[in-house]
Structure formats: structure tokens, C-alpha cells
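Take a look at the letters that make up each chain.
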Amino acid sequence: MPEQHLQYIDGARRAGSGAPLSILAPATGAIVATGRGAHADDVETAVGAARSAFPAWAALTPGTRSDLMHEWARILRERAPELAAIESVNAGKPIRLATEFDVPGTIDNTAFFAGAARHLEGKAAGEYSGEHTSSIRREPLGVIGSISPWNYPLQMAGWKILPAIAAGNTVVLKPSELTPLTSLLFAEAATAAGIPAGVINVLTGAGLDAGQPLVEHPAVAMVSFTGSTAVGRRVAASAAGAAKRVHLELGGKAPFVVFDDADLEAAARGAVAGALINAGQDCTAATRAYVQRPLFEEFVGRVAHLMDQVRIGPVEDPDTDMGSLISRAHRDKVHGMVERARTDGAKVVHGGRIPEHTPPAGAYYEPTLITGAVQDSEIVQQEIFGPVLVVLPFDTDDEAIALANDTPYGLAASAWSRDVFRTQRASREIQAGCVWINDHIPIVSEMPHGGLKSSGFGKDMSAYAFEEYTNIKHVMSDITGAAHKPWHDVIFRAR
Ligand code: NDP
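Residues numbered from 1 in each chain as written. Predicted model: local features only at pLDDT ≥ 70, side-chain atom pairs only at ≥ 80, totals over all residues. Heavy atoms only, no water.

Engineer: Any chance you could explain the sheet that holds strand β2 (residues 12–14) here in plain terms?
Structural biologist: Backbone-to-backbone hydrogen bonds join strands into a sheet, with any given pair of strands oriented parallel or antiparallel. Ordered by their spatial adjacency, 8 strands build an open sheet running β2-β1-β8-β7-β6-β9-β10-β18, and the pairing between neighbours is mixed. The sheet terminates laterally at β2 and β18 (456–457), the two strands that pair on one side only. As judged from the 2 bridges shared by strand β10 (residues 245–249) and β18, these two strands associate in the antiparallel manner. Bridge pairing links E249 to G456 in β18. In this fold helix α1 (residues 40–59) packs onto β1 (7–9), β2, β6 (143–147), β7 (170–174), β8 (200–203) and β9 (220–226), with an angle of close to 155° to the strand it touches most, β7. Docked against the sheet, helix α8 (residues 229–241) engages β9 and β10, running at close to 170° with respect to β9. (Pairing = 2+ DSSP bridges. Helix = DSSP H or I, 4+ residues; strand = E, 2+ residues; numbered from the N terminus. Contact = heavy atoms within 4.5 Å. Axes fitted to C-alpha atoms, helices over the stretch in contact; angles between N-to-C directions.)

The structure is reproduced here in C-alpha cells:
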């Protein structure tokens, strides 16, 4: 297989100067691309390109940036089938998911930020002292160092790059070294749309070889990180050394609370879709269902039945519902958690195995349903990031809310009930960046995504993302023209 250039710097593909890299199709174990990874030298070149591109990009009118981004969205629409096919193979996800969720989601996000680029706002100007006019300038920060994970490679590239450049910053993105292919195509499409070279750069490489030097680079004004809580903490610690701004989108452990007046069929279907989307490798996936005791047995039975209908198969087959996990190492981690839960006395009601008739070099895992786990066990407390749903019973509403809040995470949650007072209480009291009512998973470009507690801070998507990528500058202009200003008297009374 001929080597590919896996770096995108200053508007062109380049070879990396780091170690050889093979990009795999996790569903089959086949190598789909080879090349060289990025190293600190490539970080230097990419940050240099982003730095050089910054003044001119920041100086464009919002309208011009917007036009270029709209053209980018148009080109992405044209290239959607190619993007979906590559995303599906490289991330091991079913082609249906890539075609109907990942790619259109990214195109919509691109179109949203193309429009939002013209709506950067500050507080109204005013004469707050009586002697000055105060106004707000919302300014880009400079070069943003972004780091993204492997679960939704294209969408994550969009979430990191789009608000940053719409606000006038330039970006160096380091995607996961497992899944860089669509991030590279995304950047190439931006260049084809006329977005100047250097505004978007993509470095394919390992966290320690490319991610860390990017975080630590003195010319990187801000670090935007999406990934695990453990690595996020390390990234934040490195950035803190240089007092850099940080945006962290970290892990999740979403509760799924089913009250006894819920529509059971809707909740069961919602739980299966919410737990199995992207083979459960979704930071907002439903992972802990708390079901009020009168519905418990029926809910578990219905979910097990629905999980049994889920078709596992080749990712290119449009009938496949669930694809592979990202790697066999990750599948072993998921399976290890399920086995430890079993050893600790939990019951695996469905799944918990490598499915039959899947490629031995692939990383498939069965949809898995667990009951009988205790609240403080690993399987309930820690992120699994696989197709595993744990169901626990509860008796009172107070107990449900307390259990929902009882993990280190706070990214997403859902509450299922026909009683508006119950759902309102859940939306108020569950500590999460997003609470769905009678649904779980849908996202829209107009609304923010981000967590609290160990799930991080800051927002992706929506106009709220601009808060991360802009600096608020106060400009205070004297309107008196007087040499002797009354406030000088506080300091010196000389006449
Ligand atoms: P990781 O934290 O392992 O990696 C995330 C990124 O960080 C990768 O690009 C990785 O590079 C890089 N990295 C690793 N070490 C360092 C370092 N020392 N300095 C800088 N960068 C580094 O996460 P995963 O890729 O395994 O993704 C899964 C995680 O992402 C889950 O915890 C999930 O919840 C979270 N996530 C959160 C989302 C949110 O919005 N809150 C959305 C999606 C996922 P490489 O892997 O190439 O070595």
C-alpha cells in the first residue's frame, strides 16, 4: 500500500516526521492507510502556519468568513458519500450511521457556524461612568490547539474547528491517531472552498508525540480538548503551567431515569437506541437506567428483546445496526468491565460476549444488558464506552435523582415520565450539561453541548461556543476632552 501524507499543514498534505503509522479498519483489522505520524517538528511547522494565517483571517469581515464557510458546507454536501464511506470504515461504524448522522450533522454544523459568524455579539455600549463611552470588542484569541477523540472523528473535528475559525481564530487540530482520515478530508474541503492556507491544520499523530507538544507550544493561545477525563486532566495541568485557556469536553456516564408513569415502550426503545448508538462509544450514551420498581421487570424484558433484534454485521451493509468497537484493545477493556461486574454478582441478562460470525481481527461486541449491579460498583460508576446498559431499580423520586447524580460525571441525562412536574424536577435537579425529557441522544447545531463535574467545562456547538473562542475586551473612551478629570482628585489634588 503506497504511503499517504497524513499531515495537513498550510493548505497542503505533507508527510510527518514522526514514527510510521498504520490506520486500520477496526471491523476487519485491515490496514486502510499508512504514513508517518506527526512529531514535535511538525507541531512547530503547523503552529507557525496557523500563526502566519491568523492576522489576515481575523481581519476579514464576518460576512467574508461566512461566505467561505457556506461554500465549505456546499463542498461537504457534494463529498458526503465519500466522507461517509471513509468514516464508516475507519471508525468501524455502520454506513447508515455515518450517512444519516455523522456526515449530515457535520454539514449542518458547518452551515450553522457559517451563519453564526455574522452574529458575534457584545453588551450594548453605554456611558456607565458618565464621562466615558464603554464598549465591548469580542476578539479571536489566535492559534487554537485542538485535540479530538476517535468516536465521531468528523463530527469532533467540526465541533473543534468551526466555532474557532468562525470567530476569526486559526486552528491546529490533532485528531486521534486511530481515525484521522475524515479530519484530513474536512480540512481539504475548507481549502477547496477558498479558506486560506494555514487557517486549518491537521496533525495526525500520537498524544505524546503530537498532542502534548501542541498543548505546550507557547504560540498556542488556547487548548480545546475532547477525550477521556484522565487525559483531559493531564492536558489541563500542562496548559495551567502556561496559564492558557482550556476547554474540556470529557467523559460521561449518562443516567436514564424511568418513572412509573412513563410510556414503557418508548422508554425501552429509547434505552436501546441511546445505549447502542455508535456501539455505545458516545459520551452521552445511556449507560445507567434507573427504573421505578413497578416497571422494572417489564422494562428489562423489553430491552433484552429489542437488543436481540439488533443486527451486527459488516459496516458497509446498509442493514447493519451496530458495527465494531474502535479496537480489540478497547473491546477487551469493555469485556473486562462486564466480566468484573459478573464476578461481583451482577447478572448479564443479554450479550456480554464477542458475537459469532464476526471477523476474528475485528472488534465486535454484543449488545449487553446487566442487572443486579450495585450503585458503587465499577460498572455503574465508570465510563464503559461500549454497548453496555446497566439497569437498576428505585422506589422514590428522591432516590432516583440522588442515584442519577451519584457518579463523578455530569454530561447528559434523560428522564421518562408523563408527569410534567416530575420531568421538570428532573431537568432542574439532575446535574448534567443536557437533560432530555422522554428522549435520549438527539443534538442540534443551535444548542450547546458540554458538561460539568468530571465531564469538563465549556460548550461545543451553538453560539455559546463563541464564549470559549473569543476574548471580551472592554474599550473605555473618554468623552469629556478634559485634561483635569474629577477622578484625578482622588490620587492628587494639585491644581
Ligand atoms: P483519549 O483521552 O484517550 O484521547 C483523546 C485525544 O487526546 C486523542 O487525540 C489522543 O491521542 C490525545 N492525547 C492522549 N494523550 C495526550 C497528551 N498527553 N497530550 C495531548 N493529547 C493527548 O480519549 P479517546 O480517544 O479514547 O476517546 C474517548 C473519550 O472521549 C471518552 O472518555 C469519551 O467520553 C470522550 N468524549 C467526550 C465527548 C464530549 O463531548 N464530552 C465527546 C466524545 C468523546 P491518541 O489517541 O492519538 O494518542
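Back to the write-up after that little detour.
Engineer: Explanation requested: the site of the ligand in the structure shown.
Structural biologist: Around the ligand, 31 residues are found, and the nearest of them are E177, S228, L250, E383 and H449. The side chain of S228 places a nitrogen or oxygen atom 2.6 Å from an oxygen atom of the ligand. In this structure, H449 approaches the ligand through a side-chain N or O atom, which is 2.8 Å from an oxygen atom. The protein chains hide 89% of the 910 Å² of surface that the ligand would expose on its own. Examining the composition of the shell around the ligand, we find that 4 residues originate from one element, helix α7 (residues 207–216), more than from any other. Across the shell around the ligand, the residue classes break down as 14 nonpolar, 13 polar and 4 charged. Counting residues domain by domain, the shell around the ligand receives three or more from each of domain 1 (7–250 + 455–475) and domain 2 (254–437). (Near = heavy atom within 4 Å. Polar contact = N/O pair within 3.5 Å; in protein donor to acceptor, adjacent residues only side chain to side chain. Areas by Shrake-Rupley, 256 points an atom, 1.4 Å probe, with all protein chains shown as cover. Nonpolar A, V, L, I, M, F, W, Y, C, P; charged D, E, K, R; others polar. Domains from an automatic or database assignment.)

Engineer: Honestly, the packing of helix α2 (residues 62–78) against helix α5 (residues 153–166) in this entry has me stumped. Any pointers?
Structural biologist: Packed helices, taken two at a time, are described by their axes: the angle between them and the distance between them. Taken N-terminus to C-terminus, the directions of α2 and α5 make an angle of 155°; their axes are 10 Å apart at the nearest point. The angle between α2 and α5 places the two elements in the roughly antiparallel class. For the pair α2 and α5, the contacting residues are R65, M69 and W72 in the first and I161, L162, I165 and A166 in the second. Per-class residue counts for the contact of α2 with α5 are 6 nonpolar, no polar and 1 charged. (Parallel < 35°, antiparallel > 145°, perpendicular 65-115°, else oblique.)

Engineer: Sorry, what's going on with α5 here?
Structural biologist: Residues lying three or four places apart along an α-helix face the same way, a consequence of the helix completing one turn every 3.6 residues. Along its 14 residues, α5 runs 20 Å from first to last C-alpha, staying within 8% of the 20 Å computed at 1.5 Å per residue. With respect to burial, α5 is a largely interior element, 14 of its 14 residues being buried. Backbone geometry just downstream of α5 places G168 in the positive-phi region, at approximately 105°. (Expected span 1.5 Å × (residues − 1). Buried < 20%, exposed > 50% of the residue type's maximum accessible area, 1.4 Å probe, protein only.)

Engineer: What should I look at first to understand the packing of aromatic side chains in this one?
Structural biologist: The geometry of an aromatic ring pair is captured by two quantities: the separation of the ring centres and the angle between the planes. Tallied over the full model, the rule gives 8 aromatic pairs. A ring pair is formed by F113 and F466, whose centres lie 5.7 Å apart and whose planes are at 80°; its orientation type is edge-to-face. Residue F113 is found in helix α4 (residues 95–116), and its partner F466 is found in helix α15 (residues 466–469); the two are separated by 353 residues along the sequence. The exposure classification of F113 matches that of F466, with both residues buried. Taken together, the ring pairs in this structure connect F112, F113 and F466 into an aromatic cluster. (Phe/Tyr/Trp six-rings, centres within 6.5 Å; stacked < 30°, edge-to-face > 60°.)

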